[in-house]
Amino acid sequence: MSPTRSIVLVITAVILLRVYKAFQAAKVVKSVPIRFCAFPQMTALGSTIPTFWWNPGLYFVWEWKDFYKKSGSEVVAFIPLVYGRSMLYTTSPEVIQQILGYDSTFQKPDFSFILNLLGANVVSSEGEQWRRHRKVTAPAFHQSTYRNVWLETARIYEDMLNTEGWNAADTFSTPAFNQATTKVALLVIAACGFGIPLPWSSPSNGLSIRDSIVTVASSILIRLYTPRLAYFLPITRLQKVDKAYTEFERFMKEHIASRKSEIKKMLALGDGADEKAGGDIFGRLVQASETEGRLGLSDQELLGNYFIFLFAGHETTAHTLAVTLALLGMHQDEQDRVYRHICDLLNTGRQLSFEDSGALTPVLSCFYEALRLYPAAYAVIREATEDTVLAYPSISHPGTDEHLLVPVGGLIVLDMVSANRNPRHFPDPDKFRPSRWDQSTDAFFAFSLGPRACLGRKFATTEATCFLSHLLRDWRVEIVRREGETDTQWESRVLYPKMGVTLTTGDVPLRFIRREI
């Protein structure tokens, strides 16, 4: 047989195998609409090739408006023809609650290894290992932690004004305020997460730990997918990433060893280790782990948890703060409503304090609404551990439910972009309406639900409430348009999402005008 003919036969066999697998997959999910595609959205090819009819990619959830409505179902099956596993996508809040809630039969799939980049952690683990991680990590988030978050955020805000020259001007413009919110979030994490209070402007000697943290948090995909040998090449970007990760791991391991030594001595002396572990998450986590003895976390697991807290707490909060201010700049009526509330609260002329945080619901509602419209965790993947029937409202027959059997091993993607704009749950879903959260946040699931709900939710919301309240008290926010640009055009250009590990946006140009007091 000639080589050419052999190649043709192999290609034909591969094609027939893929067609057979697609046919078998279609039989399993025949009760929902099926869309054939070239590659799974979550793979390297599927996510990098632009969205076309044959390759939905990551951006179909943004580009294909009313996709689920046109499909006639809130659950749709995507079956790849070239390679990869089939996946269900859903926009149904009811399905999300079933999958993320208590007694769920779904878990993270094996390919969630990206979350284990520096070690197993509370986000990536499952079953007994998750319960062990959760038992150790939960005590690290304490009421005193949140008070510290407020105090540090207020300090950082004032430091920003003084250092950047805001206090000497009545108007301040920036082409990329997201860079400022990134810095705010980083400094809050450094102070309250790791016990390292840094000034707004700190000198760098070579690659400082602050520079390392920034690089580590912004280069996860590079670190994950770049072969180790590539770091020996004379490529500046790769060398910077490698140096940052090396420095970050060295720094964290040294601090883990130091904190462990201190806490062991305190525990041995019965000298109040809980009070002396430190008000930061880092110290409390080490202390909680040491208290567990043999069931405590290894140094690598501690490092893995620190890393996931850094990544989740830094990028997510920074992005949502910038988007919140952008949306308030577009909707001056909403900004005025929040400003009046802050003024009413401070009618005696006093300063904002941590005790005010519970009374600043309208401010927090703006943050929630921005996170609803632009969810950082835009896609959540789960795998069925046993055959499970999911129920969700029918689009074609309102008032009745559809039922879908998901077999063991079946993958489902919780489409958080579409679910957070589901018109059944959110009237005027594309409209920025913070007041929808003033009375209840029961329908809010951007921080996840059930036993796996985000441990850092109150950390993030305290930081956001403090920063936004101080800034809106002192400054009116406006968007900076191009000549002739409308608000809608500005939003489409500036807030068009970038979908990587999380959903972010590009540079956010804003203008701040000092309020008359």
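Refer to the preceding data block for the structure.
My aim in this report is to walk through the structure given alongside it, one point at a time.

Rules behind the numbers
- Residues numbered from 1 in each chain as written.
- Predicted model: local features only at pLDDT ≥ 70, side-chain atom pairs only at ≥ 80, totals over all residues.
- Heavy atoms only, no water.
- Helix = DSSP H or I, 4+ residues; strand = E, 2+ residues; numbered from the N terminus.
- Rg over C-alpha atoms; globule rule 2.2 N^0.38 Å.
- Buried < 20%, exposed > 50% of the residue type's maximum accessible area, 1.4 Å probe, protein only.
- Contact = heavy atoms within 4.5 Å.
- Lys, Arg positive; Asp, Glu negative; His and termini not counted.
- Charge placed at Lys NZ, Arg CZ, Asp CG, Glu CD.
- 1 Å grid on protein atoms, 1.4 Å probe; cavity = no way out; pocket = protein on both sides within 12 Å on 5 of 7 lines; lining within 4 Å.
- Points joined across faces, edges and corners; volume = space filled by probe spheres on them.
- Nonpolar A, V, L, I, M, F, W, Y, C, P; charged D, E, K, R; others polar.
- Pairing = 2+ DSSP bridges.
- Axes fitted to C-alpha atoms, helices over the stretch in contact; angles between N-to-C directions.
- Left-handed = near helix turned anticlockwise from the far one by under 90°.
- Polar contact = N/O pair within 3.5 Å; in protein donor to acceptor, adjacent residues only side chain to side chain.
- Salt bridge = Lys/Arg side-chain N within 4 Å of Asp/Glu carboxyl O.
- Phe/Tyr/Trp six-rings, centres within 6.5 Å; stacked < 30°, edge-to-face > 60°.
- Lys NZ or Arg CZ within 6 Å of the ring centre and 35° of its normal.

### Describing the overall build of the chain
(1) Moving on: On a plain count of helices and strands, the chain comes out with 19 helices and 13 strands.
(2) Moving on: Taken against the 2.2 N^0.38 rule, which gives 24 Å for 517 residues, the C-alpha radius of gyration of the chain at 25 Å falls within 12% of a compact globule.
(3) Moving on: Taking the principal axes of its C-alpha atoms as reference, the chain extends roughly 80 × 60 × 50 Å.
(4) Moving on: Looking at the chain as a whole, 53% of its 517 residues are labelled buried.
(5) Moving on: Residue pairs at least 24 apart in sequence account for 73% of intrachain contacts in the chain once pairs closer than 6 positions are excluded.
(6) Moving on: Counting 55 positive and 54 negative side-chain charges, the chain places the centres of these two groups 5 Å from one another.

### Looking at empty space enclosed by the protein
(1) Moving on: Taken as a whole and assessed by the stated rule, the structure comprises 2 cavities of 30 Å³ or more.
(2) Moving on: In this structure, the largest cavity occupies an estimated 60 Å³ of space.
(3) Moving on: Around the largest cavity sit Q41, M42, G57, L58, F60, V61, Y89, Y378, A379 and D415, which together line it.
(4) Moving on: Residues belonging to the lining of the largest cavity are distributed by class as follows: 7 nonpolar, 2 polar and 1 charged.

### Re the environment of A190
(1) Moving on: Within the element layout of this structure, A190 appears in helix α8 (residues 177-194).
(2) Moving on: For A190 and E152, which are 38 residues apart along the polypeptide, the C-alpha to C-alpha distance reads 10.0 Å.

### Observations regarding the sheet that holds strand β13 (residues 510-514)
Adjacent strands of a sheet form backbone hydrogen bonds with each other and so pair up, either parallel or antiparallel.
(1) Moving on: Ordered by their spatial adjacency, 3 strands build an open sheet running β5-β13-β10, and the pairing between neighbours is antiparallel. Of all strands in the sheet, those bounded by a partner on one side alone are β5 (171-174) and β10 (475-479). Across this sheet, the average inter-strand angle for adjacent strands is 20°, counted without regard to direction.
(2) Moving on: In this sheet, β13 lies alongside β10 in antiparallel orientation, the contact comprising 5 bridges. Counted as the bridge partner of I479 is L510 from β13.
(3) Moving on: On top of the sheet, helix α14 (residues 299-330) reaches β10 and β13; it is set at about 85° to β10, its chief contact.

### Regarding the pairing of β13
(1) Moving on: Pairing analysis gives 4 bridges linking β5 to β13, with the strands arranged antiparallel. In the sheet register, T171 faces β13, and the bridge partner there is I513.

### A few points about the layout of surface pockets
(1) Moving on: Here the second largest pocket is characterised by a volume of approximately 580 Å³.
(2) Moving on: In terms of lining, the second largest pocket is formed by 23 residues, of which the most central are T182, A217, S218, E315 and T504.
(3) Moving on: Residue assignment for the lining of the second largest pocket shows that the elements contributing at least two residues are α8, α9 (209-218), α10 (220-225) and α14.
(4) Moving on: Among the elements that make up the lining of the second largest pocket, the one with the highest residue count is α14 (6 residues).
(5) Moving on: Taken together, the residues of the lining of the second largest pocket sort by class into 9 nonpolar, 12 polar and 2 charged.

### Considering the packing of helix α16 (residues 361-373) against helix α18 (residues 457-474)
(1) Moving on: Packing of α16 against α18 leaves a shortest axis separation of 9 Å and a crossing angle of 115°. Here α16 and α18 pass one another in a crossing that is right-handed. On α18, the residues that touch V363, L364, F367 and Y368 of α16 are R457, T461, A464, T465, L468 and S469.
(2) Moving on: Residue composition of the contact of α16 with α18, by class: 6 nonpolar, 3 polar and 1 charged.

### Looking at the side chain of E74
(1) Moving on: In this fold, E74 is placed in the loop between α4 (67-71) and β2 (75-80).
(2) Moving on: Here the side chain of E74 touches N422 through a polar contact of 3.3 Å, side chain to side chain.
(3) Moving on: Look past the residues within four positions of E74 in its chain and what remains in contact with it is Y68, Y89, T90, T91, S92, P93, E94, Y392, I395, N422 and R424.

### Concerning the pattern of salt bridges
(1) Moving on: Under the counting rule described, the total for this entry stands at 30 salt bridges.
(2) Moving on: Its salt-bridge partner being R337, residue D438 comes within 3.0 Å of it at the nearest N-O pair. Of this pair, D438 sits in the loop between α17 (416-419) and α18 while R337 sits in helix α15 (residues 332-345), and the two are 101 residues apart along the sequence.
(3) Moving on: Overall, R337 belongs to the partly exposed group, its relative accessible area being 25%.
(4) Moving on: In this structure, R433 engages D428 in a salt bridge whose closest nitrogen and oxygen atoms are separated by 2.4 Å.
(5) Moving on: A network of salt bridges, in which partner residues are shared, links E74, E94 and R424.

### Let's talk about the packing of aromatic side chains
(1) Moving on: Going through the model one piece at a time under the given rule, you end up with 25 aromatic pairs.
(2) Moving on: Ring plane angle 25° and centroid distance 5.8 Å describe the contact between F67 and F78, whose orientation is recorded as stacked. Of this pair, F67 sits in helix α4 while F78 sits in strand β2, placing them 11 residues apart in sequence. Here the two residues F67 and F78 agree in accessibility, since each one is buried.
(3) Moving on: Against the face of Y231 rests R223, its NZ or CZ located 4.9 Å from the ring centre.
(4) Moving on: A cation over a ring is seen here: R515 above Y339, with NZ or CZ 3.8 Å from the ring centre.

### Considering the environment of V184
(1) Moving on: Note that V184 resides in helix α8.
(2) Moving on: The exposure class of V184 is buried, given its relative accessible area of 1%.
(3) Moving on: Sequence spacing of V184 and T153 is 31 residues, and the spatial spacing of their C-alpha atoms is 7.5 Å.

### Considering the sheet that holds strand β1 (residues 34-37)
(1) Moving on: Sheet architecture is open: 6 strands sit in the order β1-β2-β3-β9-β6-β4, paired in mixed fashion. Two strands bound the open sheet, and with one partner strand each, they are β1 and β4 (106-107).
(2) Moving on: Pairing analysis gives 2 bridges linking β4 to strand β6 (residues 379-384), with the strands arranged antiparallel. Within the sheet, the bridge partner assigned to F106 lies in β6 and is A384.
(3) Moving on: Sheet contacts for helix α1 (residues 3-28): β1 and β2; angle to β2, the most-contacted strand, approximately 165°.
(4) Moving on: In the packing of helix α5 (residues 93-100) onto the sheet, contacts are made with β2, β3 (87-90), β4, β6 and β9 (411-415), and the angle to β9 comes to roughly 125°.

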